[in-house]
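Observations on chain architecture
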Amino acid sequence: SGTVPTELYSLPQLEQLDLNDNFLEGTISPLIANLQNLEFLQLHRNYLLGTIPEAFGLMRNLRLLELHGNMLSGTMPESVCQNRDDIDGLIKLTADCDDTFGFVLVECSMPECCTACYL
């Protein structure tokens, strides 16, 4: 439990980070963009809140980004969605964007931006 440790942002060679189901709270820092070699980031099923940082759009090596199961809200940054268009870009992007009950926490405004939407 707690917040995402700030020490993680000073590990630029990190390629995989799995922090799902850790009861993490707080927001996702824009410093996440320091992890330029990160390919797999799993933050699902925590208590993270706030908006999804534009910084994810700067992470060109990112192939998997799982954000569902949190309290994140707002619109998925266009820069993140554009990474889905790159041939070597995001393959899997999950968020709480399911509108089964008529509302969504995260709006994936570009078509086919999120590969999986959860409640």
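First, a word on scope: everything that follows refers to the structure included in this document. (Residues numbered from 1 in each chain as written. Predicted model: local features only at pLDDT ≥ 70, side-chain atom pairs only at ≥ 80, totals over all residues. Heavy atoms only, no water.)

Points about the environment of Cys-114
Tracing the chain through its elements places Cys-114 in the loop between β9 (106-107) and β10 (116-117). Owing to a relative accessible area of 12%, Cys-114 belongs among the buried residues under this scheme. (Helix = DSSP H or I, 4+ residues; strand = E, 2+ residues; numbered from the N terminus. Buried < 20%, exposed > 50% of the residue type's maximum accessible area, 1.4 Å probe, protein only.)

As for the nonpolar core
One finds Ile-32, Leu-41, Phe-56, Leu-65 and Met-76 to be the most contacted residues of the largest nonpolar core, which totals 33 residues. Those elements giving two or more residues to this core turn out to be α1 (78-85) and β8 (92-95). Setting aside chain neighbours within four positions, we find Leu-41 in contact with Leu-17, Ile-32, Phe-56, Leu-62, Leu-64, Leu-65 and Glu-66. (Core = buried A, V, L, I, M, F, W, Y, C linked by side-chain atoms within 4.5 Å. Contact = heavy atoms within 4.5 Å.)

Comments concerning the sheet that holds β8
The strand order β1-β3-β5-β8-β10 describes an open sheet built from five strands, whose pairing is parallel. The outermost strands of the open sheet, each flanked by one partner alone, are β1 (16-18) and β10. Pairing geometry for β8 and β10, over two bridges, is parallel. Bridge pairing links Ala-95 to Cys-117 in β10. (Pairing = 2+ DSSP bridges.)

Considering the sheet that holds strand β6 (residues 71-72)
Overall, parallel pairing links the three strands, which are arranged β2-β4-β6 in an open sheet. Each edge of the sheet is formed by a strand with only one pairing partner; in this case those strands are β2 (25-26) and β6. One ladder, built from two bridges, connects β2 with strand β4 (residues 47-50); its direction is parallel. When the sheet's bridge partners are listed, Glu-25 is paired in β4 with Tyr-47.

What to know about a nonpolar patch on the surface
On the surface, Phe-23, Tyr-47, Leu-49 and Met-71 cluster together to form a nonpolar patch covering roughly 400 Å² of accessible area. For Phe-23, the position within the fold is in the loop between β1 and β2. (Patch = residues over 30% accessible without salt bridge, like charges linked within 9 Å, V, L, I, M, F, W, Y side chains within 5 Å. Areas by Shrake-Rupley, 256 points an atom, 1.4 Å probe, with all protein chains shown as cover. Salt bridge = Lys/Arg side-chain N within 4 Å of Asp/Glu carboxyl O.)

Points about the environment of Pro-111
Among the secondary structure elements, Pro-111 is positioned in the loop between β9 and β10. Taking the relative accessible area as the measure of exposure, Pro-111 reaches 74% and is therefore exposed. Sequence spacing of Pro-111 and Cys-81 is 30 residues, and the spatial spacing of their C-alpha atoms is 8.8 Å.

These figures come from the coordinates and say nothing about function on their own.
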